[in-house]
Amino acid sequence: MVKVLHQMGARVVGALLAGLQAKGLSVPPGSAGRFRVSKKGNLLLDEKLLLASDTARTLGCETPEAVLELLRSSLSDEAASEIHQVLCSPPGGKEPRQITALDFVAKPPEELAEKIWPVFEAKHMAHSQELAAYAEEVFRDLPAGPPENARAVARARCRPKPEDLTFRYDGAVCLAVCSACGFTLAFSASVGRHLPGHPKNSSLGQDKDELSDLAGKALSRRLAEAGLPGKLEGLAREVKAALAERICLPEVYRWLKVLDSVASGIQKGSIRWQGSGWVVASFSLPSADPTYLVEYFERRTKEVLSLPSTPLEGLREVLRRFWEGSGRKVWEKAEALHSALSPIMKALPEVRRSYENMRRFAEALSEGRIRVTGEGQCFVGNECLKQFDGQTLARILDRLFSAFERAVQQNMAFGLSDEQVPAEILNRLLPAPGQKGGEKLDREVVLEVLRLLAARPKKMGATTVAAVLAGSRAKKVSDRGFDKLPSFGRFKGLYTQQELVRVVERMVRAGLVAETYVGVHGLRVLYLPREVEKALLSSLSSEEGTLEVEDARVKRAARAIQKHSWGELAEMARDGFFPAEAALAAAAALWPSGKAPKLLKELRTQKL
Ligand SMILES: [Zn+2]
C-alpha cells in the first residue's frame, strides 16, 4: 500500500477531486496543491492526515487501480461534502477529519445485507412515521407548512426501498444508509445485529430539533411581518412610563422583561416548539395567531398596570422625615467617631468599607433618594429595602453604625490618636482588661513597621521585618545591609522576634500591610497599600499640607529611587520628608561604596 500510494502520487489526488466533482461539488482552483502523500504513504490535506495507507487495504483494495476507483466513485456524500468544505475555506481555516473505511460505500457479504434489510426497514419506517407526526404537530399553526428541501422533512416522508439501501463497511461495523434520505443505522459486521449506541445512528431527537427550529423561524417571520415586535415595544414603553415615579409589584417588572425579551426573541427568530407549545425567551406563547397575540399582550399589560402601586414621592417623604427625626443624630455620632480616627485607621479596608456603607445610606436618607432596579428592588444607599417605615430605617441605620463601630474597635491598636478621641467613645471601644483582643499591642511597634516598609526596602518578608526590628545578627539581615537601616534594633530586648512577627501578621490581616509573592520560589514580600502609604505620610508629618502635596512627594521620591538620584532624596529628607531619609538609608546600606552613605552622613551631621 505504501508503494501503491507513492507510485500514484498526483493520480490519487486527481481521483479524489474527480469523485467530488461527480457529486456536483465544484472544487476551487489550486485545491490539488493542498494534498500531499507522506513518506509513510498517508494522504495529507493541509498537512493533516486525511486518509491512512491501511484504510484502503481494510476495504480490500490491493491494486492501484482499485484505490483510484474507490476514491473516484465510493466516497460517501457526507465525507465528500466535508472535504469540499475544507477546500472551500483557506488553508488552515478548517481542519480535515480523517476518512475511515466507514466513509466509503462498499458491498458487504450478501447474507449480511439480507439480514440487515428487515430491521433497517422497520426502524426507518418507525423513525419516519414519528417524525411525520411531529412535523404535523409543529407546523399545524403555520399555513405554509414545512419547507420541502429540509433534510428532516425528506426523512419524515421517505418510504425505504431495498434498492435505495447502501452500505459502508469496515469489517467490524456495517453502516446501512438510505440513499434517498440519508437515514443511517449501524450494525455489527459479524452477525448483522443492530448497534443501538453507535454514534452514526440517525437521531430522532436531532431530526425533531431541526423541524422545531424550522417551524420556530417560520413563526418568527410570520409574527414579525404582522408587526408584533413593534406592538410589544410600544406596550413596554407604556409600562416603563407608568413605572417611572412609582414602585409596583414585582409582577410588573417581570412583565416588562417579558415584553422586551419576546419582542427581541421574535426579531432574532428564536421561537422554539417545546413539549406542546411555542416558547420564546422562556415565555410560553398562548397562541401562534398574530391577531390573538396582539389582543393578549394588550389585555395583560392593562391588567398588570391596574395592580396597586405606591408613588415614590410618598416614600421619599418617609426617608426625609426619619432623617430629620432621628437618623441625623445617629449619623452625627458616626461622623464624630470617624473624625477622631487617625489617617491610618481611616485607611484600613474594613473601617473604610463600613464607614462608606453608612455614609451612602445617610446621604440617601437626607436627600430622600431611592433607586429601583429592573427587578423592582428598592435600594437606599447600598441597602435593599422591602418596607419603608421609621422602624425599619432605624434598624438598618443602627446595624450600619454597629458595623462601623466594630470595625474601629477591632483595629484599635492601629492608630487611634488617643488625645483626639472623646473619653466617652474611647471607653466604649477599648476592650476590658483580660478580655480577648485586649492583648498589648505597642503603637510604636506598629508605626515602626510602617516606617520601615514606607522606605520600600527590597524583598522583605515578615520574619525579616521582625529580625530587623529586633536587631538580629542573622546573615540574611547583614548580607543585604538591613542592619544599616534606621529601624534596625529599635526593639532589641523589648520584644522577641516571634512577638514582632505576630504584630506584623496582625497588620497583614487588618489590611494595613499587603503581601505579594515574587520570584521563582514565590517568596512572600510585604509592602504598604497605597491608601495606607498616603495616610502614613499625612500622619507622620501632620504640619505639612494636604494629601495631594504628600502624594506628589511620594511620586517624586519614588522617581528619585528609581533613578538612583540620591542627591534629590537627601534634599527631600532635609525638608523633613521622613520616607526620603529612610530610602536614602536603605540605599546607603545596599550600595555602601556609592554616593548615598556620604549624603546620609552629611544629613545626620546637619541634624545634630
Ligand atoms: Zn429514507
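See above for the structure.
Residues numbered from 1 in each chain as written. Predicted model: local features only at pLDDT ≥ 70, side-chain atom pairs only at ≥ 80, totals over all residues. Heavy atoms only, no water.

*Asks:* What exactly am I supposed to notice about the overall build of the chain here?
*Replies:* Along the backbone of the chain there are 25 helices and 16 strands. In the chain, which comprises 608 residues, the share counted as buried stands at 46%. In the chain, of all internal contacts separated by at least 6 residues, the share reaching a separation of at least 24 is 63%. Total accessible area on the chain stands at roughly 31,300 Å², and carbon and sulfur atoms take up 52% of it. (Helix = DSSP H or I, 4+ residues; strand = E, 2+ residues; numbered from the N terminus. Buried < 20%, exposed > 50% of the residue type's maximum accessible area, 1.4 Å probe, protein only. Contact = heavy atoms within 4.5 Å. Areas by Shrake-Rupley, 256 points an atom, 1.4 Å probe, with all protein chains shown as cover.)

*Asks:* Help me understand the environment of Leu584, please; the structure alone is not making it clear to me.
*Replies:* Inspection of the secondary structure puts Leu584 in helix α24 (residues 578-590). Between the C-alpha atoms of Leu584 and Ala596, which are 12 residues apart in sequence, the distance is 6.2 Å.

*Asks:* Please clarify how the pairing of strand β9 (residues 277-280) should be interpreted in this entry.
*Replies:* Side-chain positions along a regular strand alternate between the two faces of the sheet. Judged from the 3 bridges that link them, strand β8 (residues 272-274) and β9 form a sheet pairing that is antiparallel. Across the sheet, Arg272 pairs through a bridge with Val279, a residue of β9. Connecting β8 to the antiparallel partner β9 that follows it, the hairpin turn spans 2 residues, and Gly275 within it adopts a positive phi of roughly 65°. Across 2 bridges, β9 lies against strand β10 (residues 283-284) in antiparallel orientation. Residue pairing across strands places Val279 opposite Ser284, the latter belonging to β10. (Pairing = 2+ DSSP bridges.)

*Asks:* Explain unusual backbone geometry here, please?
*Replies:* Most peptide bonds take the trans configuration, and most residues that are not glycine carry a negative phi. Its identity is not glycine, yet Glu47 carries a phi of approximately 65°, on the positive side. As for its placement among the helices and strands, Glu47 is situated in the loop between β2 (43-45) and β3 (48-51).

*Asks:* Would you explain the coordination of the zinc ion in this entry?
*Replies:* For a metal bound by four donors in tetrahedral geometry, the ideal donor-metal-donor angle is 109.5 degrees, whereas six donors in octahedral geometry ideally sit at 90 or 180 degrees. Only His124 (NE2), Cys158 (SG), Cys178 (SG) and Cys181 (SG) from the protein reach the zinc ion as donors, at distances of 2.2 to 2.4 Å. Classification of the site at the zinc ion as tetrahedral follows from its 4 donor atoms and the range of 93 to 114° in their angles at the metal. Motif for the zinc ion, donor spacing along one chain: H-x33-C-x19-C-x2-C. With His124 in helix α6 (residues 110-139) and Cys178 in strand β5 (residues 173-178), the pair connects residues that are 54 residues apart, well separated along the chain. A relative accessible area of 2% places Cys178 in the buried class. (Donors = N, O, S within 2.8 Å, 3.2 Å for Na, K, Ca; no water. Tetrahedral: all angles 85-135°; square planar, octahedral: opposite > 155°, others 65-115°.)

*Asks:* How should I be thinking about the state of the cysteines in this particular structure?
*Replies:* By definition, a disulfide links the sulfur atoms of two cysteines through a covalent bond. The final tally for this structure, using the stated rule, is 0 disulfides. In this structure Cys248 is not part of a disulfide, and its nearest cysteine sulfur, from Cys378, lies 9.8 Å away. Accessibility expressed as a relative area gives 15% for Cys248, which makes it buried. No disulfide involves Cys378; its sulfur sits 7.3 Å from the nearest other cysteine sulfur, which is in Cys384. (Disulfide = S-S within 2.5 Å.)

*Asks:* Any chance you could explain the pattern of salt bridges here in plain terms?
*Replies:* Two side chains that carry opposite charge are able to pair once their charged atoms sit near each other. Going through the model one piece at a time under the given rule, you end up with 37 salt bridges. Measuring nitrogen to oxygen at the nearest pair gives 3.1 Å for the salt bridge that ties Arg328 to Glu324. Taken as a pair, Arg328 and Glu324 lie in helix α12 (residues 312-340) at a separation of 4 residues, close to a single helical turn. On the accessibility criterion, Arg328 (33% relative accessible area) is partly exposed. In this structure Glu324 comes out as exposed when scored by relative accessible area, which is 52%. A salt bridge links Arg369 to Glu363; its shortest N-O distance comes to 3.6 Å. Judged by its relative accessible area of 39%, Arg369 is partly exposed. By relative accessible area, Glu363 is classed as partly exposed at 33%. Beyond isolated ion pairs, a larger network of salt bridges with shared partners links Glu356, Arg359, Arg360, Glu363, Glu367 and Arg369. (Salt bridge = Lys/Arg side-chain N within 4 Å of Asp/Glu carboxyl O.)

*Asks:* Please explain the side chain of Glu383 as it appears in this structure.
*Replies:* By the secondary structure assignment, Glu383 is in strand β14 (residues 383-385). At 2.8 Å, the side chain of Glu383 forms a polar contact with the side chain of Arg399. In this view, Glu383 contacts Phe361, Cys378, Ile396, Arg399 and Leu400; residues no more than four positions away in its chain are not counted. (Polar contact = N/O pair within 3.5 Å; in protein donor to acceptor, adjacent residues only side chain to side chain.)

*Asks:* Explain α24 here, please?
*Replies:* Note that an α-helix has 3.6 residues per turn; residues three or four places apart therefore point the same way. Helix length check: α24 (13 residues) gives 19 Å between terminal C-alpha atoms against 18 Å at 1.5 Å per residue, within 8%. The buried count for α24 comes to 11 of 13 residues, which makes it a mostly enclosed element. (Expected span 1.5 Å × (residues − 1).)

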